[in-house]
Amino acid sequence: MTRPAPRVVEALNAALHRLFEERSSLHLLGEDVHDPYGGAFKVTRGLSTRHPDRVLSTPISEAGITGVAGGLALAGDQAIVEMMFGDFAALAFDQILNLISKSVTMYGDRVPMPVVVRCPVGGNRGYGPTHSQSLQKHFVGVPNLALYETSPFHDPYAQLAEGLDRGPAMLFEDKVLYTRRMFRDGVVDEHHRYALRGGSTGWAHVSPMDGTAADVVLICPGGTTHRALDAARLLRARGIAAHVLVPARLYPPDLEPVLPLLADARLVAVAEESTEGGTWGAEIAARVHTRIWSQLRSPVLQLSSADSVVPTAPHLESRVLLGAERIAAEIEEGAARSLQPRAPAAPPPVAPLVAAGSETDGAGAGKPAAAAADSAGPAAGVPVAVPKLNNNDAAYLVVQWFADDGAYIGEGDPLVELETSKAVEEIAAPADGHLRIRAAEGSEVGVGDLLAELLAEPPAATAPHTSALTASDEHVAAPVPVNPSVAPPAQEPAPAARTHVLDRAQQGTAAVVTRAHREVPVAFAAVEVRVDAVLARLRTLSDETGADVGLPEAVVKAVAAAHPAFPHLFGTLVDERTVRLADTVDIGVTVDAGNGLYIPVLRDCAGRSLADLSDDLMDFRMKAFRAEFTAGELSGGCLSVSLNTEPGVLFVQPIVMAPQLCMVSVGGRLTRLVLEDGVPASTTVVTLGLAYDHRVVNGRDAVAFLRAVADALHDAERLVECVDPQ
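Everything numeric here is computed off the predicted structure, so don't read it as measured data. (Residues numbered from 1 in each chain as written. Predicted model: local features only at pLDDT ≥ 70, side-chain atom pairs only at ≥ 80, totals over all residues. Heavy atoms only, no water.)

The next point concerns the overall build of the chain. Helix and strand content of the chain: 18 helices and 34 strands. A fraction of 71% describes how many contacts in the chain between residues 6 or more apart in sequence connect residues 24 or more apart. (Helix = DSSP H or I, 4+ residues; strand = E, 2+ residues; numbered from the N terminus. Contact = heavy atoms within 4.5 Å.)

Right under this line is the structure:
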């Protein structure tokens, strides 16, 4: 069995232990760094136990801690300072600027100053304005001070060792990275690989597996890595090949190893989480311009977070901090400016597109296949057809038009949103023109159907909507007074009915539910499971690993453990007698952060540890807050789990998400009074439910499957083992 890669926090901890074994003069100073606490983020766990004389838990005084570290360095020792939160480095700025960095060269001879100040930085954790900042830019350009940032590509031992040897230095550690796994063996995912350029503290170069040359090179510090990778995946789906560069050392930067790559790219972008103005990204852009200005096709694109403090509320925090969607959108816009000329303002009329699935007559003229497009009449301008967005759906929901009928639209402007069974996709205008809408909001459209036309001239005004009744129908329906000489009493207008309009996310959910109930003959079974033992083991596992492992991860792992005995429950119905079985256990989980229901997919649940699954699930929750899921993250599951673990929830009957055959539900914890050897005792239970496609699964199998999941939950130690049961 291959041992999973360590998380970044584990790699940092291992690096510190190694340095303390190698360097007898090394000290660590910080608040609450002693065991069993081991620092606010557990980076220093175990150090005080093994080196009690050299690990010092200090009073709350960042300036004092840093000043002592400078004194240790001047006396010939070495020191690492831990800021509990990087924001508090502002309190130590005087010591860093005026003592530690200047002492290197202000005494006539060069004086070694082996001091590294470690700073947990960054947002996306809901910690609020004073605990979420990225302060790297405030230390760029301080003479003699080197700046590093952790990344999932670079060994933190190399960064800390170099920082101490060339000292002084600062190591910025994005808090979101702590629970992320390190990348190794040159592999990022099925589409991307990486290689190090310039040594162990050089650059990580992420590129497509197929060797595609870079349309765009995106430079980012380590804390922005995963957002940059998500943006690269989004851009790949849009036909733009993006390479990503991540440095181990932020300042002074060594651009030599990557200059050829930057010179060949059509667009270079720098993305960072700090606010704009005097940033590390601006420093990189200036150096790139200086070195290869004549080879650049456009100015370096600089991307930063909004000019704001970092809010505590997740939905507000996501609007402030730089995210993958915005990175991809701005790069796409920048690439369009540098790659493509703008289309003419008034394109000539063209014949309608022949879409996939259209009928063709003997002369070769195309006719849209859907009735909605048939009734729309011939296209008189540039047609906008429904693209194929995924392999799961043949029809999509029209969620929202971004412009009114008749409005003038520019090429590339957002035009309409379509909801698939997995995600909401935005369709851009393929040309300039006046919009004629052919598919109404809330309607279903098939691949190739006509959504709209972009006309050279404004469309003629449409006739007002008329009643479906004919004139004779209206005459018959009109009330006739009993006494013609007496006028009927005046009738008060009926009060306007109160309405609630579904938002676009809920409309998408409604479409999926409607399809599920229409296509899948569902049945349901439920069992009650005692979970005291597994909850206790999960608490100790969380302490052991630093991951926040809970009942949702345990249920997913227990469901995956049942796969060998019930493979057909994880399959897909091909026809009335054939089920395609899944090769790997990829399980979808429901995530609802208040802005829509998502079902992202946890990959290879049978072969991965609970801590791994916890890391991914935490990432899913943050992406749900920011609504940043990619289509790839929301597709490919062979079975789903509906998580409804709020206290007091008895049980939940889920739907089956076609083409899957089953969905498991887990309710909230409930307290039951039971007899243990004749003595009343309380126990904690949850209800597991299974909605299943009755064409494939019968009640006997459903109950046996639930009992197998319950048995796996009872065997907590087996769940903790990262062993593929197959």
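Moving on: unusual backbone geometry. Of the consecutive residues D35 and P36, the connecting peptide bond is found in the cis state with omega at 5°. Checked against the element boundaries, P36 lands in the loop between strand 1 (26–30) and helix 2 (47–50). Backbone torsion omega between G167 and P168 reads 5°, so that peptide bond is classified as cis. Residues other than glycine seldom take positive phi values, yet N124 does so here, at roughly 65°.

The subject of this paragraph is helix 3 (residues 62–74). In a regular helix each residue adds 1.5 Å, so 13 residues correspond to 18 Å; helix 3 covers 19 Å between its end C-alpha atoms and thus fits that length. Among the residues of helix 3, E62, I65, T66, A69, G70, L72 and A73 are the ones counted as buried. End-on view of helix 3: buried residues confined to an arc of 160°, all on one side of the axis. Buried residues in helix 3 make contact with strand 1, strand 3 (78–82), helix 4 (93–100) and strand 4 (115–121). (Expected span 1.5 Å × (residues − 1). Buried < 20%, exposed > 50% of the residue type's maximum accessible area, 1.4 Å probe, protein only. Arc of directions from axis to C-beta.)

Once that is clear, we can look at the sheet that holds strand 19 (residues 414–419). The four strands lie next to each other as 20-19-17-22, forming an open sheet whose pairing is antiparallel. Both outer strands of the open sheet, strand 20 (424–428) and strand 22 (444–446), are each paired with one neighbouring strand and no more. The average undirected angle you get between the axes of adjacent strands in this sheet is 40°. Across four bridges, the pairing between strand 17 (residues 395–401) and strand 19 is antiparallel. Of the residues in strand 19, the one forming a bridge with V398 is L418. (Pairing = 2+ DSSP bridges. Axes fitted to C-alpha atoms, helices over the stretch in contact; angles between N-to-C directions.)

All right, on to the sheet that holds strand 5 (residues 146–149) then. Pairing within the open sheet is mixed, and its seven strands lie in the order 2-1-3-4-6-5-11. Edge positions in the sheet fall to strand 2 (55–57) and strand 11 (249–251), since each has one partner strand and no second. Adjacent strand axes in the sheet meet at a mean angle of 20°, parallel and antiparallel pairs treated alike. Pairing of strand 1 with strand 3 involves five bridges; the strand directions are parallel. In the strand pairing of strand 3, G30 is matched with E82.

What follows deals with the pairing of strand 24 (residues 522–530). As a general feature of sheets, a regular strand has side chains that alternate between the two faces. Only one face of strand 24 is covered, namely the one carrying A523, A525, V527 and V529; the face carrying V522, F524, A526, E528 and R530 has none of its residues buried. Looking at chain direction, strand 24 and strand 34 (residues 679–693) are connected through nine bridges and run antiparallel. Paired with V527 across the bridge in strand 34 is L688.

Moving on, we get to the nonpolar core. Among the nonpolar cores identified, the biggest contains 63 residues, and V534, V559, V589, V641, L688, L690 and F705 are the most heavily contacted of them. Once you skip the residues sitting within four places of it in the chain, L688 turns out to touch A525, A526, V527, V529, V555, S665, V666, L706, V709, A710 and L713. Grouped together as the second largest cluster of nonpolar side chains are 49 residues, A69, A73, W203 and Y251 included. (Core = buried A, V, L, I, M, F, W, Y, C linked by side-chain atoms within 4.5 Å.)

All right, on to helix 14 (residues 532–545) then. Counted at 1.5 Å a residue, the expected span for helix 14 with its 14 residues is 20 Å, and the 20 Å between its end C-alpha atoms agrees. For helix 14, the full list of buried residues reads V534, L535, R537, L538, L541, S542 and T545. Seen along its axis, helix 14 keeps its buried residues to an arc of 165°; they face one direction. The exposed set on the far side of helix 14, more than 90 degrees from its buried face, consists of R539, D543 and E544. Against the buried residues of helix 14 lie helix 1 (8–22), helix 15 (551–561), helix 16 (610–626), strand 34, helix 17 (699–714) and helix 18 (716–720).

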